[in-house]
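Examination of the molecular architecture
Given next are the chains, with one letter for each unit.
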Amino acid sequence: MIKKIILTAILLTAFVSAVSAQQIEVKIYLQRTIITADSNYSKSATVKRKVDANSPLWKTLEQLFTPQITPEEDKKNFYSSTFGMKFEGVVLKKGTATVKFSQPPNETNYGSMGAFLFSEAIEKTAKQFSTVKRVKICAIGETAIDSELETPFPRCK
């Protein structure tokens, strides 16, 4: 019986090690409100997450679009950079990551810097990978965030 318990413990330890070895730590670029005596301002800041090592770009962008902000990050005034947009996928070809998104219904409050913050967060998050040299962002369907840009996001093909 003791041999079975020891064998089970060894196998469980090996399994846990194998699972954790398949994850890597990545950076997600969120917004953070800084409160000073004079004013409040927002800036790009990173949080670390673990994602599947087999598809890190895809999984990291999923984390960006649904960041699951921890209570500690919430206390530090972190918030999403993607304004409720939905991640629709990414294609990596010849060093260019084409990130696809759509706008769920009833999402419209982006502020004057929303489109800039959105695209900056996507670009910085994707470019942390050495295989990504350039980032393109395209929209599936119509989006109100386009109205903040001189040149709207192109529609995905």
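Here is what the cut-offs are and how they apply
- All residue numbers here refer to positions counted from 1 along the written sequence of the relevant chain.
- The predicted origin of the model limits local features to residues at a pLDDT of at least 70 and limits the giving and counting of side-chain atom pairs to 80 or more, whereas totals for whole chains, interfaces and linings rest on all residues.
- To get the side-chain values, take all heavy atoms of the structure and skip hydrogens and water.
- A pocket, in this scheme, is an open set of points on a 1 Å grid over the protein atoms alone with protein on both sides within 12 Å along at least 5 of 7 lines, while a cavity is a set where a 1.4 Å probe fits but cannot get out; residues line either one if an atom lies within 4 Å of a point.
- Grid points are joined across faces, edges and corners, and a volume is the space filled by probe spheres set on the points.
- Only DSSP runs of H or I reaching four residues or more are called helices, and only runs of E reaching two or more are called strands; each is numbered from the N terminus.
- Only Asp, Glu, Lys and Arg are considered charged, only Ala, Val, Leu, Ile, Met, Phe, Trp, Tyr, Cys and Pro nonpolar, and every remaining residue, Gly among them, polar.
- Three exposure classes are used, based on accessible area relative to the maximum for each residue type with a 1.4 Å probe and protein chains only: buried under 20%, partly exposed in between, and exposed over 50%.
- Here a residue-residue contact requires only that any non-hydrogen atoms of the pair lie within 4.5 Å.

What about the layout of surface pockets?
- Estimated volume of the largest pocket: approximately 320 Å³.
- Every residue lining the largest pocket is listed: Val 91, Lys 93, Thr 96, Thr 98, Lys 100, Lys 136, Ile 137, Cys 138, Pro 154, Arg 155, Cys 156 and Lys 157.
- Mapped onto the lining of the largest pocket, the elements with two or more residues apiece are β4 (86–93), β5 (96–102) and β6 (134–140).
- Residues belonging to the lining of the largest pocket are distributed by class as follows: 5 nonpolar, 2 polar and 5 charged.

A look at the environment of Ser 42
- Mapped onto the elements, Ser 42 comes out in strand β2 (residues 40–52).
- For Ser 42, a relative accessible area of 33% corresponds to the partly exposed category.
- Those residues in contact with Ser 42 that sit more than four places away from it in its chain are Gln 31, Arg 32, Thr 33 and Tyr 79.

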